[in-house]
Amino acid sequence: MSPQKIAEVSHIGFLVLKNFSMIAFANALEPLRMANYLSRKNLYSWSVISADDASSPASNGLSLSPIYHPNDAPPCDILFVCGGTNVREAVSDDVISLLRTYAANGTPMGALCTGTFALAKAGLLNGYRCAIHWENLAAIREEFPKILFSQELFVIDRNMFTCSGGTAPLDLMLNLIRLKGGKSLAADVSEQFSVERIRDHKDQQHIPLLARIGSGHEALLDAAVFMEMNIEEPFALDYLADQVGLSLRQLERLFKRYLDTTPAQHYLNLRLRRAREFLLQTNMSVMDVTVACGFQSSSHFCKSYRSLFGYPPSRERYQESLCDAA
């Protein structure tokens, strides 16, 4: 969907699966309510739908009301599938059939938390980039090789809006609100919820390294911790390898096998992501950030930053100033 089409979205459907995540659902719904309240307009409306059980309790045992049966639900501009725990058991044949019907009717689809699994199971995500909660990344990549699963907080790919769990749906909705109601409204909504900044699609989930590589690889974990603790004055890689009891060649093999990258690239990405945090959350100058993140020159820093994020570090400040001025 183009930004113009996203701006036209007004009614959002939430298909709640059994044991759905209440925090993910609330973080998607409440920004819409607050956007209406602050704008004093009915920018958004919503409906909650259940495919099989009228109650569809959340993982915390609470149920929502009112709730629609699919046959009675009003048409929606986007349908979000709200997943949670035991999502495989929640994705019944009825759920799959319902999702395929919505897709066949041309309804843009979305997913919160593990709801992405339901879209994948229904065969609706082949060839798409998408997001899902980090706990499910490793297994789902093996199961659905035709889908590109991202570590980003949320992904908008054409007519698919997928999001990891927890507070990430709040960021997705704030980005949608920004397109419909403007930067000022999105900033006002975020302030109401005491959100320090609106994260975008460049932000990634913080995935514990242990969850990514599994237990039994203490040397690799130790090396990654050394890197995170030494951003301002980066270690030489051969020294780092020696500190964890490996040769540099052994360390490179571990990074390639379990993280599909090199130690040097992993270290560089850590420093660049820390730099982005500084640029977005502090008043440090670009030169101060350059030094704080262990770069010897601003030219090297800017070139590396552009390579990872697609734009220079100065643009982060420019974007912030636009939001403040809007």
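Just so it is clear, the model here is predicted, and its values are computed rather than measured.

Conventions used here
Residues numbered from 1 in each chain as written. Predicted model: local features only at pLDDT ≥ 70, side-chain atom pairs only at ≥ 80, totals over all residues. Heavy atoms only, no water. Phe/Tyr/Trp six-rings, centres within 6.5 Å; stacked < 30°, edge-to-face > 60°. Buried < 20%, exposed > 50% of the residue type's maximum accessible area, 1.4 Å probe, protein only. Lys NZ or Arg CZ within 6 Å of the ring centre and 35° of its normal. Salt bridge = Lys/Arg side-chain N within 4 Å of Asp/Glu carboxyl O. Pairing = 2+ DSSP bridges. Helix = DSSP H or I, 4+ residues; strand = E, 2+ residues; numbered from the N terminus. Axes fitted to C-alpha atoms, helices over the stretch in contact; angles between N-to-C directions. Contact = heavy atoms within 4.5 Å. Parallel < 35°, antiparallel > 145°, perpendicular 65-115°, else oblique. Left-handed = near helix turned anticlockwise from the far one by under 90°. Nonpolar A, V, L, I, M, F, W, Y, C, P; charged D, E, K, R; others polar.

(A) Molecular detail of the packing of aromatic side chains. Following the criterion strictly, the structure yields ten aromatic pairs and no others. When the ring of Phe20 is compared with that of Phe25, the centres are 5.9 Å apart and the planes differ by 75°; the resulting orientation is edge-to-face. Each of the two residues, Phe20 as well as Phe25, counts as buried. Sitting above the plane of the Phe309 ring, Arg276 keeps its charged end 5.5 Å from the centroid.

(B) Seen up close, the pattern of salt bridges. Tallied over the full model, the rule gives eight salt bridges. Notably, a salt bridge pairs Arg158 with Asp157, separated by 2.9 Å at the nearest N-O pair. By relative accessible area, which is 44% here, Arg158 ends up partly exposed. Residue classification places Asp157 among the buried positions, given a relative accessible area of 14%.

(C) Representation of the sheet that holds strand β7 (residues 154-157) within the structure. The strand order β2-β1-β3-β4-β8-β7 describes an open sheet built from six strands, whose pairing is mixed. A single partner strand is all that each edge strand has here, and the edge strands are β2 (45-49) and β7. Mean inter-strand twist for the sheet, computed between neighbouring axes without regard to direction, equals 15°. Bridge count between β7 and strand β8 (residues 160-163): four bridges; the pairing is antiparallel. Its bridge partner lying in β8, Ile156 is registered against Phe161. Across the sheet, helix α2 (residues 22-39) lies against β1 (11-16), β2, β3 (78-82) and β4 (109-112), angled at about 160° from β1, the strand it touches most. Sheet strands touched by helix α7 (residues 168-181): β1, β3, β4, β7 and β8. Its angle to β7, the strand with the most contacts, is close to 40°.

(D) The arrangement of the packing of α2 against helix α8 (residues 183-192) in detail. Viewed as axis vectors pointing N to C, α2 and α8 meet at an angle of 115°, and their least axial separation amounts to 9 Å. Accordingly, the angle class assigned to the pair α2 and α8 is roughly perpendicular. In the packing of α2 onto α8, the handedness of the crossing is right-handed. Of the residues in α8, those in contact with Pro31, Met34, Ala35, Leu38 and Ser39 of α2 are Leu185, Asp188, Val189 and Gln192. The class makeup of the residues in the contact of α2 with α8 is six nonpolar, two polar and one charged.

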